[in-house]
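# Fold and contact review
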Amino acid sequence: MRSTLFRLTPALLALALCCAACIDRTDWASKGPTEEDYSQQVMALGADVYRDSCAACHGSDGSGSFGPALIGKGHKYSYEEQRRLIERGRRSMPGFGAGLSEEEIEAVLAHIRVGFFAARNN
Ligand code: HEC
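All of the points below concern the structure found in this document. All chains use their own residue numbering, which begins from 1 and follows the written sequence. Reporting in this predicted model follows two pLDDT cut-offs: at least 70 for local features of residues, and 80 or more for side-chain atom pairs to be given and counted; totals over whole chains, interfaces and linings ignore these cut-offs and use all residues.

All right, on to the overall build of the protein chain then. What counts as a helix is a DSSP run of H or I of at least four residues, what counts as a strand is a run of E of at least two, and both are numbered from the N terminus. A tally of helices and strands in the protein chain yields five helices and zero strands. Counted from the first residue to the last, the protein chain has its helices and strands arranged as α-α-α-α-α. Burial in this document is a count-based property: other C-beta atoms within 10 Å of a residue's C-beta are tallied, and the residue is buried at 20 or more, exposed at 12 or fewer, or partly exposed in between, with C-beta positions derived from the backbone. The 122 residues of the protein chain split such that 21% are buried. We call two residues in contact whenever the C-beta atoms placed from their backbones are within 7 Å. Here the analysis covers contacts within the protein chain between residues at least 6 apart in sequence; of these, 68% occur between residues at least 24 apart.

Okay, structure coming up:
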């Protein structure tokens, strides 16, 4: 009995560490928009693309539903990291590299990094 527990301990520790890393308790939404400047035109296109292609899984305000919350995550992931993920997808997140134009992907990045916050203040 004792030896079984000893053998299990490292596995349990690894599991606990893994869970701690997976659960993101940071309040990213409170960090506000990232510092890029986008034109009104890009922001408007981004809001449209987001509503049509992303809101169903990430919530209309980016607070998440089937997919994780996106609001404020521009402080967790770089522009390039987010761009790559949106283009290629990951697990249950579909890739949009083929379905959206480069202009639309750039616009939706503007929306998730900055636009969510503009919509909040209106
Ligand atoms: C079919 C549902 C679905 C749609 C549609 C969808 N996503 Fe996702 N998204 C997910 C899921 C699920 C994840 C988590 C992926 C994982 O577990 O690796 C995710 C992850 C992400 C992430 C990384 C979030 C993080 O904190 O790790 C970003 C950024 C993202 N999606 C942006 C978008 C954008 C932008 C669109 C629209 C162009 C979009 N998603 C459309 C389901 C979706």
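Here we come to the site of the ligand. We call a residue near a molecule or strand when its C-beta atom, built from the backbone, sits within 6 Å of it. With respect to spatial proximity, 21 residues lie near the ligand, and among them Cys54, Cys57, Gly67, Ser92 and Met93 are the closest. Taken together, the elements giving at least two residues each to the shell around the ligand come down to α3 (55–58), α4 (79–88) and α5 (102–121). In this classification, the charged set is Asp, Glu, Lys and Arg, the nonpolar set is Ala, Val, Leu, Ile, Met, Phe, Trp, Tyr, Cys and Pro, and all remaining amino acids, among them Gly, are polar. Taken together, the residues of the shell around the ligand sort by class into 13 nonpolar, five polar and three charged.

Put simply, a nonpolar core is a cluster of buried Ala, Val, Leu, Ile, Met, Phe, Trp, Tyr and Cys residues tied together by C-beta atoms within 7 Å. The biggest cluster of nonpolar side chains holds 16 residues, and the ones touching the most others in it are Tyr50, Ala107, Val108, Ala110 and Ile112. Among the elements of the structure, α2 (40–53) and α5 are those that each provide at least two residues to this core. In terms of residue count, the dominant contributor to this core is α5 (seven residues). For Ala110, the contacting residues outside a window of four places in its chain are Tyr38, Val42, Met43, Gly46 and Gly115.

Bringing α2 into the picture now. By definition here, a helix of n residues has an expected span of 1.5 Å times n minus one. For α2, which comprises 14 residues, the first-to-last C-alpha distance of 20 Å matches the rise-based estimate of 20 Å (1.5 Å per residue) to within 8%. Regarding α2, the residues found buried are Val42, Gly46, Ala47, Val49 and Tyr50.

Everything listed is a geometric property; what it means functionally is a separate question.
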